[in-house]
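Spelled out from the first residue to the last, the chains are:
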Amino acid sequence: DMLNGIERLVKRFKSAVTPVEEVSKKTLKIAFISPLDNEFWVGVKQGVMYAKKELAEKNAVIEYTGFTENSPEKIVNAFAEHLEKGCDGIVVPGFSEELVPLIDKASRKNIPVMIFNCDLAVPSKKTAYFGPNTNEAGILAADFMIKALKGKGNVAIFRGTLSVSVHRERVEKIKERLKRKSKIKVVDEIEADSYDVVYNKVKVFLSQNKNIDGIFTTGGGITGAAKAIKELNLVGKTRLVCFDFNKEVFQYIKEDIIYAAIGQDAFGQGHDPIIYIYNYLVANKKPESDVIWTRTDVVDEHNVDDLI
């Protein structure tokens, strides 16, 4: 049992990329810019801190900037500031097209840029994109809902803004899969992407619509939706499928409120882009592709005890 536990832990934090053996001849500064407004981004920061530890002996300094308010404008400004004061590489989520001219400017200065979590909707001179396969994740989420409802029922989708490709692609694939593979009807689609907003909107919606068998959340506020279901005594009646997870989500899975949670390797999203940039700067080792998918994790009743 002890060895199995160690094996699961090692697998959970095993990264797809490792630093090259070469040590940088000059001190490298790699900037990592990220939101820090919910538990998912804390997992990303953990990956950054691990990469920082790995590269500490290789003459590389990792400068982490996290925003507790998720603001694309602040991310763009932080990118511009790092370019102005000087750095050797930048990692940033592709939330705003305003990054494109800055990425082009970085390219002219031979500064590699890794986009993570959400790719830009327009072409740029980025080094590569590292993030979730949202099409695969959307299909998985739909399949779990089909299983939960035995292929028949009414569902609603509580999503983040469609201007962000992650939410848009998840929603599109969920709808497409449900339409083709089941008799499940999407009766409403509501924008809500934070704990308080999701909690309030889910509670009002379920109070007014008694025929809802399942709910998807594509962004933040997962536990807000779960709390609303619990307070309305709909446990076992209205199933919840979500994206991303933390300890609170695990507990709601144990309580049979959340049926399944689809993960996107937050730790890897923080760790791997930094290592890719280091390897490129030191050994001219480019990423294996322009698009690199993160690991897709699934947590449900069958494996939640392992993670707890």
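Refer to the preceding data block for the structure.
Keep in mind the model is a prediction, meaning the values are calculated, not measured.

> Kindly report on helix 2 (residues 39–55), identifying the contributing residues and their values.
An α-helical turn contains 3.6 residues, so any two residues separated by three or four positions project in the same direction. A rise of 1.5 Å per residue sets the reference length of helix 2, with its 17 residues, at 24 Å; its end C-alpha atoms lie 25 Å apart and thus fit the reference within 8%. Those residues of helix 2 not exposed but buried are F40, W41, G43, V44, G47, V48, A51 and L55. Along helix 2, the residues classed as buried sweep out an arc of 155° about the axis, all on the same side. Contacts from the buried residues of helix 2 go to strand 1 (28–35), strand 2 (60–67), strand 4 (113–116) and helix 10 (266–283).

> Can you lay out the sheet that holds strand 7 (residues 183–191) for me, pointing to particular residues and giving the numbers?
Strand order in the open sheet formed by 6 strands is 7-6-8-9-10-12, and the pairing between neighbours is mixed. The open sheet has two edge strands with one neighbour each: strand 7 and strand 12 (297–300). Between one strand axis and the next, the sheet turns through 15° on average, direction left out of account. Summarising the sheet, strand 8 (residues 214–217) and strand 9 (residues 239–243) pair through 4 bridges and their orientation is parallel. Its bridge partner being in strand 9, I215 is matched across the sheet by L240. Relative to the sheet, helix 7 (residues 195–208) contacts strand 6 (152–159), strand 7 and strand 8, its axis offset from that of strand 7 by approximately 135°.

> I'd like a description of the sheet that holds strand 2, backed by residues and values.
The parallel open sheet is built from 6 strands, whose spatial order is 2-1-3-4-5-11. At either margin of the open sheet sits one strand with a lone partner, and together these are strand 2 and strand 11 (291–293). Along the sheet, successive strands turn relative to each other by an average axial angle of 20°, direction set aside. Both strand 1 and strand 2 contribute to a ladder of 8 bridges, which runs parallel. Within strand 2, the residue paired with F32 across the bridge is Y64.

So, how was this worked out
- Residues numbered from 1 in each chain as written.
- Predicted model: local features only at pLDDT ≥ 70, side-chain atom pairs only at ≥ 80, totals over all residues.
- Heavy atoms only, no water.
- Helix = DSSP H or I, 4+ residues; strand = E, 2+ residues; numbered from the N terminus.
- Expected span 1.5 Å × (residues − 1).
- Buried < 20%, exposed > 50% of the residue type's maximum accessible area, 1.4 Å probe, protein only.
- Arc of directions from axis to C-beta.
- Contact = heavy atoms within 4.5 Å.
- Pairing = 2+ DSSP bridges.
- Axes fitted to C-alpha atoms, helices over the stretch in contact; angles between N-to-C directions.

Without other data, these values stay purely geometric and don't point to any function.
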